Amino acid sequence: MQKNIQKVVIVGGGTAGWMTAAAMGKLLKNRMCSITLVESAEIPTIGVGEATIPQLQLFNALLGLDEDEFMRETNATFKHGIQFVDWKQLGHEYTHPFGTIGLNFDGVDFHHYWLKTAKAMGVDRLDNYAFNCVAARDNKMMRSIDVPNSPCNNIAYAFHFDAGLYVKWLKRFAISQGVERIEAQVKDVHLNNDSGFITSLELNDGKQIEGDLFIDCSGFKGLLIEEALHTGYESWSHFLPCDSAVVVPSTNTGELYPYTRSWAQKAGWQWRIPLQHRTGNGHVFSSKFMSDEEAKAILLENIEGEPLVEPRFLRFHTGMRRKQWNKNCIAIGLSSGFIEPLESTSIHLIQSNISRLMSLFPDKSFDPVTVDTFNKQADEEIRRIRDFIILHYHVTERQDSPFWRYCRNMEIPDYLQSKIDLFKSSGRVFRENDELFNQSSWIAVMIGQGLMPEQYHPMADLLEQEEVSRRLAHVKHVIQQSVDRMPSHQNFIERHCKSTMQ
Ligand SMILES: Cc1cc2nc3c(=O)[nH]c(=O)nc-3n(C[C@H](O)[C@H](O)[C@H](O)COP(=O)(O)OP(=O)(O)OC[C@H]3O[C@@H](n4cnc5c(N)ncnc54)[C@H](O)[C@@H]3O)c2cc1C
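Residues numbered from 1 in each chain as written. Predicted model: local features only at pLDDT ≥ 70, side-chain atom pairs only at ≥ 80, totals over all residues. Heavy atoms only, no water.

1. As for the site of the ligand
Then comes step 1: Taken together, 33 residues are adjacent to the ligand, and Gly13, Ile43, Ala51, Val186 and Ile347 come closest.
Then comes step 2: Ile43 is positioned such that a nitrogen or oxygen atom in its backbone is 2.6 Å from an oxygen atom of the ligand.
Then comes step 3: Separating a nitrogen atom of the ligand from a backbone N or O atom of Val186 is a distance of 2.9 Å.
Then comes step 4: About the coverage of the ligand: the protein hides 97% of its 1000 Å² of free accessible area. (Near = heavy atom within 4 Å. Polar contact = N/O pair within 3.5 Å; in protein donor to acceptor, adjacent residues only side chain to side chain. Areas by Shrake-Rupley, 256 points an atom, 1.4 Å probe, with all protein chains shown as cover.)

2. Some points on the pattern of salt bridges
Then comes step 1: Counting across every chain of the model gives 34 salt bridges.
Then comes step 2: Through salt bridges with shared partners, a single network forms among Glu39, Lys171, Arg181 and Glu183. (Salt bridge = Lys/Arg side-chain N within 4 Å of Asp/Glu carboxyl O.)

3. What about the environment of Glu306?
Then comes step 1: By secondary structure assignment, the location of Glu306 is in the loop between α8 (292-302) and β17 (312-315).
Then comes step 2: A C-alpha to C-alpha distance of 41 Å links Glu306 and Ile420, two positions 114 residues apart in sequence.
Then comes step 3: Not counting residues up to four positions away in its chain, the partners in contact with Glu306 are Pro249, Ser250 and Thr251. (Helix = DSSP H or I, 4+ residues; strand = E, 2+ residues; numbered from the N terminus. Contact = heavy atoms within 4.5 Å.)

4. Notes on empty space enclosed by the protein
Then comes step 1: Under the defined criterion, the tally for this structure stands at two cavities of 30 Å³ or more.
Then comes step 2: What the largest cavity holds in volume is close to 160 Å³.
Then comes step 3: Looking at the largest cavity, it is lined by 20 residues, and the ones nearest its centre are Tyr257, Arg272, Thr279, Asn281 and Glu304.
Then comes step 4: Breaking the lining of the largest cavity down by element, the ones donating at least two residues are β14 (260-265), β15 (268-274) and β16 (279-285).
Then comes step 5: Of all the elements, β15 adds the most residues to the lining of the largest cavity, at four residues.
Then comes step 6: Looking at the lining of the largest cavity residue by residue, the class counts come to six nonpolar, ten polar and four charged.
Then comes step 7: Taken as a whole, the second largest cavity spans an internal volume of roughly 60 Å³.
Then comes step 8: Along its surface, the second largest cavity is lined by Gln324, Gly333, Ser336, Leu349, Ile350, Asn353, Arg356, Ala378, Glu381 and Ile382.
Then comes step 9: Secondary-structure elements contributing two or more residues to the lining of the second largest cavity are α9 (346-359) and α10 (368-394).
Then comes step 10: Ranked by residue count, the leading element in the lining of the second largest cavity is α9, at four residues. (1 Å grid on protein atoms, 1.4 Å probe; cavity = no way out; pocket = protein on both sides within 12 Å on 5 of 7 lines; lining within 4 Å. Points joined across faces, edges and corners; volume = space filled by probe spheres on them. Nonpolar A, V, L, I, M, F, W, Y, C, P; charged D, E, K, R; others polar.)

5. Considering the sheet that holds strand β11 (residues 213-216)
Then comes step 1: In spatial order, the strands read β7-β2-β1-β11-β20-β19; together these six strands make up an open sheet with mixed pairing. A strand with exactly one partner marks an edge of an open sheet, and here the two such strands are β7 (180-183) and β19 (325-326).
Then comes step 2: When strand β2 (residues 34-39) meets β7, the two strands line up parallel, connected through four bridges. Note that in β7 the partner of Glu39 across the bridge is Glu183.
Then comes step 3: Along the sheet, helix α1 (residues 15-28) makes contact with β1 (7-11), β2, β7 and β11, crossing β2 at roughly 165°. (Pairing = 2+ DSSP bridges. Axes fitted to C-alpha atoms, helices over the stretch in contact; angles between N-to-C directions.)

Right under this line is the structure:
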């Protein structure tokens, strides 16, 4: 028992801190060790982070949070994917959906038949063959139903939610699971002279908080992992040049859209995230290519409702901490690194580090093999997400501004280059080493951004074009017919999970 971790200390009460506290509280049940979270109301949280990917369902299920309750508590809406406007070229639009595209047959992936047909008869939008794209376009929502061979059998979706309200819920839950909350500022971090491990935190009221394992959820600055342990940061700003965002919520204007809109601008992109009580808007841009004034003017020009407050600027540096676990400190959330919000992956990375920590939960010996395994997995995961996001910027036909010319011509990571090369030459793409984004995601974005393969799988020629066209038409018809029968997104929310807080 002496070897066991007895005291876990979490620094930071943003989304990362309270997700970590809630999950640890639930799983460790305050029996194996105590959990203390230190947060300071005087140091604000980042206050953004409203779009998610479907994996959040698993996290909520782990906590036992009923989905309708979650939706009501956080003013949430549903999300089928992301609509990308003006990314390939001005006036063009495509959707990166959750879920699958088409239906594989005779051992060949669907998109090869789609490519064969495109070559023979011209291109029909790939979106028409993805259930989530059609449901997004038609503003429909439903949860899976048990009908064999129906696209409604396994509907993938995520959420848009108010992150501040989610944190409030998590906090109540974590405290109910025995997590101790301390309201104070951490003023100093004490290290063991020999090992360099963190021994205690000194608070602004003079108290000392000792611990065995420290979780750094203090946001971008990385109070423990960087300011105390000097772990180092690998910059990715040459691949991902955006470093700023200007954000503002606005009033809702009409239909609640079940998708995020990402709209490419002259030096970045703008998001629109619909919630039940308001719409989240933000313009992510590169300060090297655009001034704050221009970025703010573009944001305000393009929002649909009335701004609810004065726009707020945020700065970030894309990259990752050289080790996410260093000595007896683990970085979770923005302290561990930040790619950028394009594919809504940050909250997922929080969840992922929590789950990795729980499966590699250490004892006081902090076995280096365990630590290395954690770091290797976390490193691989974030790099592969980074590469997928760079794809959106790099594969574009846009040349209308210095920013887009830079992105088209910039050097990209080898892994991404090899994925692009393989797809371009043969239409093939593989999900490797548990990477987050699956084949359908890569295909949707590569084709959406204008990367048309030179060839398709030779086995697609085993079926005559006439038969391929018949099957494609059938897939498209079944998807449309299923979507037609679904309730509208707005009706679905009103019936199941309308918030009472509006
Ligand atoms: C422009 C932008 C858009 C984003 N959009 C999305 C999105 O759509 N989807 C998504 O998944 N993610 C998104 N993210 C990321 C998301 O916002 C974060 O991953 C998430 O909010 C977690 O932040 P955090 O808890 O790590 O840090 P923070 O929210 O910054 O919290 C840090 C906490 O540490 C505390 N703290 C700091 N110093 C001290 C101290 N000395 N003493 C005590 N407490 C201290 C603060 O009080 C605060 O509670 C976005 C990020 C940006 C910048």
